[in-house]
Every structure is written in structure tokens, then in C-alpha cells.
Amino acid sequence: MVLNTSEVHYSEKLQELALELLASSQDIVIVAHIDPDGDALGSCLGLQRALRSVGKNAQTHMSIPRYLRFMVEENEILPPLEVCPEHSLLVVLDVDPHDFRRVEGVPTEGCSCRILNIDHHGTNARKANLHLVEPRKAACAQMVAELVEIMRIPLEPHISNPLLLGIITDTGSFRFSNADADVFERAAKLLEGGANLAYLNDNMAQTPHYFYALQAKVLQSIEFLFDSKVIIARVTQDMVQEVGATWEDVESLVGLIRSAEGTELAALFKDFGDSVKLSLRSRGRLSAQNIAIACGGGGHVAAAGATVTRPYLEARECFETAVTAEFERVSAQG
Ligand SMILES: [Mn+2]
């Protein structure tokens, strides 16, 4: 097989990361991003378990969302740290360590630890001491699984399962356009390594009863904009409170609206009152990333997000302006 330059570069970086982790005698602290999802948790837990299996002192710090707790053993993951732990090796996964507001687990701003970074967000500033950033990879967990293989750490179910969970999450259970041959090959290796796809999907799909009431409220808030090419929905603090849900329950709700026939973009507005968090999903020509960046956020072309520190109406205005500009950009391209 002939590898092109970027593939050589990629595997060299992966090798460097593997060597450094295997040679390290420091405490290894693993963190990811705020509002952790299956890829954040799966990447961290998969790496933690792999490193511990070869005798490393590795510890993830994260606030685990309810729907992912099935994956984690008691005290296996510890809450976020308030200060950066000195003399540790910091591994930051699925987020840019220099995007200080997006990192959770350890405050990376002003942190003097050496930082290793693995991420698949193209907006990553690539300033970590050692970084592997590849937006063509569907999931960070896919990259961590490659790293585990390069470190020659044997797969076993408790390592394979969280890594497959990450891939499931970021490919929408192998349904998104990022589910390429590379994803299926890596997933197959994880299945051979004992991962249990049905177990993961079944646990991820468990739905608390109040969630149906929350979904009903969100569905009632739907509006179609831009000649029905854009669908939006809004969740407010009152809606969340009335049904007894929490904001973490809202994370997945953009999935409810993303497939509306004829739409190219879905946007969920999480309205906190004085600020609004936007979750964007694009199915067509529009770049969710461009719209997110225009509103102060970032992400991928197909999925992106932004936090606008202004009330709903102003956030919505910012969104609509950015969407107008994005439609103009793609129509100019023909
Ligand atoms: Mn990810």
C-alpha cells in the first residue's frame, strides 16, 4: 500500500503520541469538552482503560451525563478539577485545549502541564505540545482506537466498548456521511475486540419518562424559515423545569428535527435567558461550521454549535444573518 504525505504525517504523529504515553511515568490526566457526549466520554474512558491495563496511572475528569452513566464504573471517572494538576501529563481529547471555554475537566488556561491533544475538529488551533488533529476522522474515539492499536495494547470488551460508543455517537449510528470505509474497518476491529453494538445501542436508547413530555414541548416550538429550507426549535428553562428534565437531556434533541423533509439545516436554540446555545446540523450544501463561527462558535461542516451571550431574539437575529450569508455563499458557488 502506498501512503500519501498526509497519511505518513498522520501515522508518524500517532506513533509519537504512542511512544510518549508508553514512556511516561507521570500521572496522566485525561479530559475532553463541556457537555460531554458519547465521543468525549468514549475517547477518554477507552484511553484511560487502555493505559491502566499497561500499568499507567491515568485518570479522566468529567461530568458524566445521565444517559452515558451505564458505561462507567463507580469512581472510575472523577469530577472536573478546579486547578490544573502540576507535574501531570495532560491528554485533551475531542476539543482544542486552547479553546479554554470549551475544555472541561481541567482549566487549561495558564496550565503549565505538557499537553497532548487528539481531536477531529478542523477549527483546532493546533497549539498543543503534541497534537494530532484530523477533521477527516469521523470520531475522536476512532483516532484513540488507532492509538491503542499502535501502542500494542490488546483490546478487550471494557476498552473496545467505550471506543465503539464514541464512533456510534459521532456517526449517528453509522448513518451520517462521515461513516466511511475507515469507520467501518475500525468498528469491525472493535467488534473483534469484544465490543457489543446491541448493548451500547440499547443502553443509549433508554428514555426516562419525562423525556417524552420534553420532546412534545420542543416539537410544538418548531418553525420553518428560509422558504422551509431551515427548521428551528427552541427549548427554554421553563420547558425543562416543567417536565422535571435537566439541560443535559436537551443535548440530543436536535436529532428530532434534523431530518425534516426538504430542509437543509436544523437549528436547536437552547434558551438560558441571558444566553443561548445553538446546535446546528446541516444535511446539504450549507456549512453548519460557517454559521457557528459567525455566531462565535465552531465545529464541523455537518454539525456545529455556538454559545451566544445575548438573549434569544438577538441570538436568533445573529443566526438568521449568518444563514442568509451562508445561502449567498453557496448560491454564488452555483
Ligand atoms: Mn467528537
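Cut-off values and rules
Residues numbered from 1 in each chain as written. Predicted model: local features only at pLDDT ≥ 70, side-chain atom pairs only at ≥ 80, totals over all residues. Heavy atoms only, no water. Donors = N, O, S within 2.8 Å, 3.2 Å for Na, K, Ca; no water. Helix = DSSP H or I, 4+ residues; strand = E, 2+ residues; numbered from the N terminus. Buried < 20%, exposed > 50% of the residue type's maximum accessible area, 1.4 Å probe, protein only. Pairing = 2+ DSSP bridges. Core = buried A, V, L, I, M, F, W, Y, C linked by side-chain atoms within 4.5 Å. Contact = heavy atoms within 4.5 Å. Disulfide = S-S within 2.5 Å. Salt bridge = Lys/Arg side-chain N within 4 Å of Asp/Glu carboxyl O. Axes fitted to C-alpha atoms, helices over the stretch in contact; angles between N-to-C directions. Left-handed = near helix turned anticlockwise from the far one by under 90°. Domains from an automatic or database assignment. Buried area = accessible area lost by both parts, 1.4 Å probe. Parallel < 35°, antiparallel > 145°, perpendicular 65-115°, else oblique. Nonpolar A, V, L, I, M, F, W, Y, C, P; charged D, E, K, R; others polar.

1. Examining the coordination of the manganese ion
- Within the protein, Asp39 (OD), Asp94 (OD), Asp94 (OD), His120 (NE2) and Asp170 (OD) serve as the donor atoms for the manganese ion, at 2.1 to 2.8 Å.
- Read from N- to C-terminus, the donor residues coordinating the manganese ion fall into the pattern D-x54-D-x25-H-x49-D. Placement of Asp94 in the loop between β3 (88–93) and β4 (103–104) and of His120 in the loop between β5 (114–119) and β6 (130–133) is noted, with a sequence separation of 26 residues between them.
- Taking the relative accessible area as the measure of exposure, His120 reaches 2% and is therefore buried.

2. Some thoughts on the sheet that holds strand β12 (residues 303–308)
- Judged by pairing direction, the sheet is mixed, and its six strands sit side by side in the order β7-β8-β9-β10-β12-β11 without closing on themselves. Only two strands of the sheet have a single neighbouring strand rather than two, namely β7 (223–225) and β11 (298–299).
- Alignment of β11 against β12, held across two bridges, turns out to be antiparallel. Residue Gly298 lies in a different strand from β12, and its bridge partner there is Gly305.

3. Overview of the nonpolar core
- Within the largest apolar cluster, 53 residues are counted, with the highest numbers of intra-cluster contacts made by Leu21, Ile30, Leu41, Leu47, Leu93 and Leu147.
- Not counting residues up to four positions away in its chain, the partners in contact with Leu21 are Ile28, Leu47, Leu51, Lys56, Leu89, Val91, Leu116, Leu147 and Met151.
- If you look at the next biggest cluster of nonpolar residues, it comprises 25 residues, including Val230, Ala288, Tyr312 and Ala322.

4. What to know about the state of the cysteines
- The tally for this structure, following the rule as stated, stands at one disulfide.
- Note on cysteine connectivity: Cys84 is disulfide-linked to Cys111, with sulfurs 2.2 Å apart. Disulfide Cys84-Cys111: the torsion about the S-S bond is 50 degrees, which places it as right-handed. Highlighted residues: Cys84 in the loop between β2 (58–60) and β3 and Cys111 in the loop between β4 and β5, separated in sequence by 27 residues. One exposure class covers both Cys84 and Cys111, and it is buried.
- There is no disulfide at Cys140, and the cysteine sulfur nearest it, in Cys44, is 7.6 Å away.

5. Some words on the pattern of salt bridges
- Counted under the stated rule, the structure contains 19 salt bridges.
- Note that Glu76 and Arg49 form a salt bridge whose closest N and O atoms lie 2.6 Å from each other. On the criterion of sequence distance, the pair formed by Glu76 in the loop between β2 and β3 and Arg49 in helix α2 (residues 38–53) is long-range, its members being 27 residues apart.
- One salt bridge in this structure joins Glu149 and Lys189, with 3.2 Å as the shortest N-O distance.

6. Side note on the packing of helix α1 (residues 5–23) against helix α3 (residues 140–150)
- Two elements in contact, α1 and α3, have axes whose closest approach is 9 Å; the angle formed by their N-to-C orientations is 65 degrees. Note on packing geometry: the crossing formed by α1 with α3 is right-handed. On the side of α1, the interface is formed by Tyr10, Leu14, Gln15, Leu17, Ala18 and Leu21, while α3 contributes Met143, Glu146, Leu147 and Ile150.

7. What about the domain arrangement of the protein chain?
- One can read the domain layout of the protein chain as domain 1 (5–204) and domain 2 (210–333).
- Once you take the C-alpha centre of each, domain 1 and domain 2 turn out to be 27 Å apart.
- In this complex, domain 1 contributes eleven residues to the contact, which on the side of domain 2 involves eleven residues.
- Among the residues domain 1 hides against domain 2, the three largest losses belong to Asp35, Arg66 and Thr123. Together they make up 46% of the total.
- Here domain 1 and domain 2 share two salt bridges between them.

8. Digging into α3
- Within α3, nine of the eleven residues are buried, which leaves it mostly tucked inside the rest of the structure.
- Those residues of α3 that sit buried are Cys140, Ala141, Gln142, Met143, Val144, Ala145, Glu146, Leu147 and Val148.
- Remark: Arg152 follows α3 within two positions and exhibits a positive phi of approximately 60 degrees.

9. Section: the side chain of Thr171
- With respect to the helices and strands, the residue Thr171 is situated in the loop between α4 (157–170) and α5 (181–192).
- Judged by its relative accessible area of 0%, Thr171 falls in the buried class.
- In contact with Thr171, not counting residues within four places along its chain, are Ala138, Phe176, Asn178, Ala179 and Val183.

10. Some remarks on the environment of Ala213
- Counting through the fold element by element, Ala213 comes out in helix α7 (residues 210–220).
- For Ala213 and Met239, which are 26 residues apart along the polypeptide, the C-alpha to C-alpha distance reads 9.3 Å.

11. A word on the packing of α2 against α4
- Viewed as axis vectors pointing N to C, α2 and α4 meet at an angle of 160 degrees, and their least axial separation amounts to 7 Å. The pairing of α2 with α4 is recorded here as roughly antiparallel in orientation. Of the two elements, α2 crosses α4, and the hand of that crossing is left-handed. From α2, Gly38, Asp39, Leu41, Gly42, Ser43, Leu45, Gly46, Arg49, Ala50 and Ser53 reach across to α4, where they touch His158, Ile159, Pro162, Leu163, Leu165, Gly166, Thr169 and Asp170.
- Looking at the contact of α2 with α4 residue by residue, the classes come out as seven nonpolar, eight polar and three charged.

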